[in-house]
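So you can see what is in the structure, the chains are spelled out below.
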Amino acid sequence: KNDGTSLAICHKEDDSIVLDVADVFYSSSSDVWDSSLPYYKQCNRIFAENDVIPLNKLADLIADLCGKFNVVEGIFDQYNGYGLLELLKERKLNQFEMKVVSQQFNLQTFQITKELINTEKLLLFNHPVLIPELASLEECRNGSSMVIHAPQRLGFHDDISDALARAVYLAYNSKKASSKK
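From a predicted model like this one, the values you see are computed outputs, not experimental measurements. (Residues numbered from 1 in each chain as written. Predicted model: local features only at pLDDT ≥ 70, side-chain atom pairs only at ≥ 80, totals over all residues. Heavy atoms only, no water.)

**Some words on the overall build of the chain**
Part 1 of the reasoning: For the chain, the count of helices and strands is five helices and seven strands.
Part 2 of the reasoning: For the chain, the α and β elements follow one another from N to C terminus as β-β-α-β-α-β-α-β-α-β-β-α.
Part 3 of the reasoning: Relative to the globule expectation of 16 Å for 181 residues, the C-alpha radius of gyration of the chain, 16 Å, shows essentially globular dimensions.
Part 4 of the reasoning: With the C-alpha coordinates of the chain rotated into their principal frame, the extents come out at 45 × 40 × 30 Å.
Part 5 of the reasoning: Counting all 181 residues of the chain, 50% fall into the buried class.
Part 6 of the reasoning: Taking the intrachain contacts of the chain between residues at least 6 apart in sequence as the baseline, contacts between residues at least 24 apart amount to 61%.
Part 7 of the reasoning: Summed over all atoms, the accessible surface of the chain reaches about 9,700 Å², with 49% contributed by carbon and sulfur. (Helix = DSSP H or I, 4+ residues; strand = E, 2+ residues; numbered from the N terminus. Rg over C-alpha atoms; globule rule 2.2 N^0.38 Å. Buried < 20%, exposed > 50% of the residue type's maximum accessible area, 1.4 Å probe, protein only. Contact = heavy atoms within 4.5 Å. Areas by Shrake-Rupley, 256 points an atom, 1.4 Å probe, with all protein chains shown as cover.)

Encoded structure:
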């Protein structure tokens, strides 16, 4: 209820990754609407009247984006994953898979994203939520490994940043470059 749902679409262009679409959605139950962080007020409000994000409508939104972009693969995490996977398969969107996301996988996706940002090979547009959220992320040591997450304070989230990192990961590891993917 409090956590957001995000999506991102990227494609590989030569040796760069280009962000095509990024969006984040929160239900009426989320703390973002009461947050002192002004950028969350600019979130897409399509599900802001729902106390939970309806998976059926989310699947419709994904299907609509697949009609506009040549989405060849996609992943989403295990949170509501089986329900979303079933709804996407009903819509003949078989290029998606649910992945049990671990701290190690998240770290790997963010390391690739960070490397591409630092080498200016990740082309982002000035998204009003994504850019400030990325800037707020913290990198911390958790035992013997590193963890990247939102600050552990009220109103901070890492939902759209996670979606970006996963889309970058897929595009980066894609076997072919294209002008639009």
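This is not the end of the story, as more comes after the structure.
**Let's talk about the packing of aromatic side chains**
Part 1 of the reasoning: Taken as a whole and judged by the stated rule, the model has four aromatic pairs.
Part 2 of the reasoning: Where Y26 meets Y40, the ring centres are 5.9 Å apart and the plane angle is 90°; that geometry is what we call edge-to-face. Of this pair, Y26 sits in the loop between β2 (16-25) and α1 (55-68) while Y40 is found in the loop between β2 and α1, placing the two residues 14 residues apart along the sequence.
Part 3 of the reasoning: Here the aromatic rings of Y39 and Y40 are separated by 4.7 Å at their centres, their planes lie at 40°, and the arrangement is tilted.
Part 4 of the reasoning: Accessibility expressed as a relative area gives 11% for Y39, which makes it buried.
Part 5 of the reasoning: Using a relative accessible area of 0% as the deciding quantity, one classes Y40 as buried.
Part 6 of the reasoning: These aromatic residues form a ring-pair network of at least three members: Y26, Y39 and Y40.
Part 7 of the reasoning: Above the ring of W33, the side-chain terminus of R45 is found at 4.1 Å from the ring centroid.
Part 8 of the reasoning: Between K99 and the ring centre of F105, over which it is positioned, the NZ or CZ distance is 4.7 Å. (Phe/Tyr/Trp six-rings, centres within 6.5 Å; stacked < 30°, edge-to-face > 60°. Lys NZ or Arg CZ within 6 Å of the ring centre and 35° of its normal.)

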